[in-house]
Amino acid sequence: MNLVALKMLMGDRAKYIGILIGITFASLLITQQSAIFTGIMARTYAAITDLPAPDVWVMDPKVQYIDDIKPLQDTQLFRVRGVEGVDWAVPLYKGLLKARLSNGNFQTTIVMGVDDATLIGGPIEMVEGRLEDLRRNDAVIVDEHGAASKLAHVLPDGTRKPLAVGDVIELNDHRGTVVGICKVARTFQSQPVIYTTYSRATTFAPRERRLLSFVLVKGKPGVDLAELCARIQDATGLVASSGADFRWTTMMYFMKYTGIPINFGMSVLLGFLVGTIVAGMTFFNFTLDNLRHFGALKAMGASPWRLTGMIVLQALLVGSLGWGIGVGGAALFGHVTRNTELAFRMPWQLLAISGTAVLLICTISALICIVKVLRLEPAIVFKS
Amino acid sequence: MQTLTEPAVALRGVTKSYGEGAARVTALRGIDLDIGTGELMMLVGPSGCGKTTLISVIAGILDQDDGACSVFGRDLRAMRGMAKARFRGETVGFVFQAFNLLPALNAAENVSIPLLLAGLKRSEALERSRAMLDRVGIGERWRSRPAQLSGGQQQRVAIARALVHQPRLVVCDEPTSSLDHETGARVMEIMREVAMQGSRTLVVVTHDARIFSYADRIAVMDDGKVVKVVHSAKELQDAP
Ligand SMILES: Nc1ncnc2c1ncn2[C@@H]1O[C@H](COP(=O)(O)OP(=O)(O)O)[C@@H](O)[C@H]1O
Ligand SMILES: [Mg+2]
């Protein structure tokens, strides 16, 4: 009878394709919208993602997210190095500095000062030049996107010439020579990112008592990270979190204090609802159209289990097919737009979520259909 | 006809009404009727007199309000849903006015449904279905979908489907009223030829006077009651 159920479903091509389109549309909408939402939220902590080397980030207890810099005393670095289980600890400067462009305009940039000795915290992907070139005089590395847009030279005819290796920029009245171009993950603010050494960054920065933004820590092999964080906190009175925890804290800050999740979440929810209703209704309509046939099967002795099995099978088939096509469509969308400003991230968890959602839609509409069919008076089959 | 054996269907004081309050319609007002084993009984009467309701009770797809209905000695109303479904699957064959064939399945697949429901393997079910289609005279059309068949052919497929699992009781509601006279007569001939074998019992609802001659007995209904039972169409006309 399973084959009969499938033939019933696919027999009417137009209707079958209609249901498929409904469910495909629903899963496309759910997946694509959530992927963009995930993408946007991932941008909030992109700067942490770009710095995978350390296990632990040490920061001022009042820091709420990655861009919320509360400088530390330099001596904290040495305290952290003294904690048991620390393999290495390096300083990181992160700050907003004004760069003066060749046309005299100013542009705010994110300056990252990385450990002079190890260059830990430097860009993970170079487009041009080498990370070691940072050791040269006045050296800075500029991110590709910033170099091509906000930091580009504007020529007299209005066209933009990207900032290139060998060019000079001025940071807070200090000279910086571009020695390399790198890639960075798009941050939420999307200012240009400029890498240099920690000591040079502190000369660029306005004179302040404290300049150390974070201490980046690697644990000794086999050390328990949670315990290490606890020991660092005890020794320094600072907060120590793993990269994953810090990403989470950062994202939660944006969730709580910006309108993004609620605003965007509403549109995701709307897409979800519309998709659900469209998909559920098309499937329900299919069952309604076939009520007479279900009634005939019932009269001919099909047990409630058998009918339930048939409907579940039909729902599962259109559900998994529609989900597959929809998710495929969303992935294609992500692929096509990968080089644009659009935030799009589709981790496997998202597939699981949209899969569960579609399964839920199909289960619920199948349940409604099952109730409808099981309540059906088989006597309707004699009605002409 | 006097049946010495136990009747296939025995109805005693069967009543049935639909709806509640002011909208209440009484369809059956105390039906007493025996239908013998191996008999072709026709139920006739004006539209709305309760024929469909009665045949639904007999076939076990509708419960009466009061009275007793036993089919081959089993009290249908006392059976639980699952048991009743199994009973119908094994014992009853259905022929509907609107044929009710699944449009997506070909003739043989449609006929095989009662066998599949009984748990037969698909290949065996299809083989037996094609043999049954042969017997109703459209064996060569086994691949055709209902939409590719004429009304008469579709009803023959439906008859094959009603008989393929060898049920002891076959119920037909207006089997010829969607068909022209000649086709209807041919369908009834096939029904008599193929269905009336062994000790199978047929109950045929109709208001098509032209097929009365195929009946062993005719129960005339009016306003929810059986008003008389006659042995031939002629007797029906002769009556005052
Ligand atoms: N499901 C139903 N709900 C309400 N009234 C019904 C229903 N089915 C039949 N009836 C009524 O019951 C009476 C008998 O109907 P039916 O058994 O279909 O008669 P017949 O088949 O002889 O035309 C009619 O008056 C009809 O309107
Ligand atoms: Mg009727």
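What counts and how
- Residues numbered from 1 in each chain as written.
- Chains lettered and ligands numbered in written order.
- Predicted model: local features only at pLDDT ≥ 70, side-chain atom pairs only at ≥ 80, totals over all residues.
- Heavy atoms only, no water.
- Helix = DSSP H or I, 4+ residues; strand = E, 2+ residues; numbered from the N terminus.
- Buried < 20%, exposed > 50% of the residue type's maximum accessible area, 1.4 Å probe, protein only.
- Contact = heavy atoms within 4.5 Å.
- Lys, Arg positive; Asp, Glu negative; His and termini not counted.
- Charge placed at Lys NZ, Arg CZ, Asp CG, Glu CD.
- 1 Å grid on protein atoms, 1.4 Å probe; cavity = no way out; pocket = protein on both sides within 12 Å on 5 of 7 lines; lining within 4 Å.
- Points joined across faces, edges and corners; volume = space filled by probe spheres on them.
- Nonpolar A, V, L, I, M, F, W, Y, C, P; charged D, E, K, R; others polar.
- Core = buried A, V, L, I, M, F, W, Y, C linked by side-chain atoms within 4.5 Å.
- Patch = residues over 30% accessible without salt bridge, like charges linked within 9 Å, V, L, I, M, F, W, Y side chains within 5 Å.
- Areas by Shrake-Rupley, 256 points an atom, 1.4 Å probe, with all protein chains shown as cover.
- Salt bridge = Lys/Arg side-chain N within 4 Å of Asp/Glu carboxyl O.
- Expected span 1.5 Å × (residues − 1).
- Pairing = 2+ DSSP bridges.
- Buried area = accessible area lost by both parts, 1.4 Å probe.
- Polar contact = N/O pair within 3.5 Å; in protein donor to acceptor, adjacent residues only side chain to side chain.

Visitor: Give me the lowdown on the overall build of chain A, citing residues and values where you can.
Guide: Helix and strand content of chain A: twelve helices and twelve strands. With the C-alpha coordinates aligned to their principal axes, the bounding extent of chain A is approximately 95 × 60 × 30 Å. The buried share among the 384 residues of chain A stands at 49%. Once local pairs closer than 6 in sequence are excluded, the contacts in chain A between residues at least 24 apart make up 76%. Put simply, chain A has 37 plus and 30 minus side-chain charges, and the middle of one group is 10 Å from the middle of the other.

Visitor: Explain the environment of leucine 367 of chain A to me, and be specific about the residues and the numbers.
Guide: Along the chain, leucine 367 of chain A turns up in helix 12 (residues 348-375). The spacing of leucine 367 of chain A and lysine 256 of chain A is 111 residues in sequence and 37 Å in space, taken between C-alpha atoms.

Visitor: Run through the environment of valine 215 of chain A, naming residues and quoting values.
Guide: Tracing the backbone through its elements, the reader meets valine 215 of chain A in strand 11 (residues 214-219). Judged by its relative accessible area of 0%, valine 215 of chain A is buried.

Visitor: Help me get a handle on empty space enclosed by the protein, residues and values and all.
Guide: All names here are of chain A. With the rule as written, the count across this model stands at three cavities of 30 Å³ or more. Estimates place the volume of the largest cavity at around 120 Å³. Residue lining of the largest cavity: 18 residues in total, with Ala46, Ala47, Lys94, Thr187 and Val193 positioned closest to the centre. Residues that form the lining of the largest cavity fall into these classes: eleven nonpolar, three polar and four charged.

Visitor: With reference to specific residues and values, describe helix 10 (residues 291-299) of chain A.
Guide: All names here are of chain A. Burial analysis of helix 10 places eight of its nine residues in the buried class, which makes it a mostly covered element. Here helix 10 has its buried residues at Leu291, His293, Phe294, Gly295, Ala296, Leu297, Lys298 and Ala299. Directly after helix 10, the chain includes glycine 301, whose backbone phi takes a positive value near 105°.

Visitor: So, the nonpolar core: which residues are in play, and what are the values?
Guide: In this structure, Met42 and Phe94 of chain B are the most contacted members of the largest nonpolar core, which totals 121 residues. Top contributing element to this core by residue count: helix 12 of chain A, with eight residues. If sequence neighbours within four positions are ignored, phenylalanine 94 of chain B has contacts with Ala299, Met300 and Phe382 of chain A together with Ala59, Ile61, Arg88, Ala158, Ala162 and Val171 of chain B. Residues Ile110, Val193, Tyr195 and Phe254 of chain A belong to the second largest nonpolar core, which totals 41 residues.

Visitor: Quick rundown of a nonpolar patch on the surface? Include the residues and the values.
Guide: All names here are of chain A. Taken together, Ile17, Ile21, Phe25, Leu270, Val274 and Val278 make up a surface patch of nonpolar side chains, about 510 Å² in accessible area. Secondary-structure elements contributing two or more residues to the nonpolar patch are helix 2 (13-44) and helix 9 (260-289). Counting through the fold element by element, isoleucine 21 comes out in helix 2. Look at isoleucine 21 and you get exposed, because its relative accessible area is 53%.

Visitor: Explain helix 5 (residues 151-163) of chain B to me, and be specific about the residues and the numbers.
Guide: Residue and element names in this part refer to chain B. Taking 1.5 Å per residue as the helical rise, helix 5 with its 13 residues ought to reach 18 Å, and the 18 Å between its terminal C-alpha atoms agrees with that figure. Of all 13 residues in helix 5, twelve are buried; the element is thus mostly enclosed. Here helix 5 has its buried residues at Gly152, Gln153, Gln154, Gln155, Arg156, Val157, Ala158, Ile159, Ala160, Arg161, Ala162 and Leu163.

Visitor: Got a sec to walk through the pairing of strand 3 (residues 106-114) of chain A? Specific residues and values, please.
Guide: Residues and elements named next belong to chain A. The buried fraction of strand 3 is high, at seven of nine residues. Where strand 3 and strand 10 (residues 193-197) come together, five bridges link them in parallel fashion. Bridging across to strand 10, glycine 113 finds its partner in threonine 196.

Visitor: Outline the side chain of threonine 308 of chain A, supporting the account with residue identities and numerical values.
Guide: With respect to the helices, strands and loops of the structure, threonine 308 of chain A is situated in helix 11 (residues 304-336). Apart from the residues lying within four places of it in its own chain, the contact partners of threonine 308 of chain A are Ile370 and Leu374 of chain A.

Visitor: If you had to explain the interface of chain A and chain B to someone new, which residues and values would you point to?
Guide: Every contact between the two is made by 26 residues of chain A and, on the other side, 29 residues of chain B. Here chain A and chain B share an interface that buries about 2400 Å² over both sides, 70% of which is from carbon and sulfur atoms. Applying the counting criterion to the chain A and chain B interface returns one salt bridge. Our count for the chain A to chain B interface comes out at five residue pairs in polar contact (both at pLDDT 80 or more). Where the side of chain A that touches chain B is concerned, the elements lending two or more residues are helix 1 (2-11), helix 10 and helix 11 of chain A. If you tally residues by element for the side of chain A that touches chain B, the top one is helix 10 of chain A, at six residues. Looking at the side of chain A that touches chain B, its residues break down into 15 nonpolar, five polar and six charged.

Geometry only, nothing functional implied.
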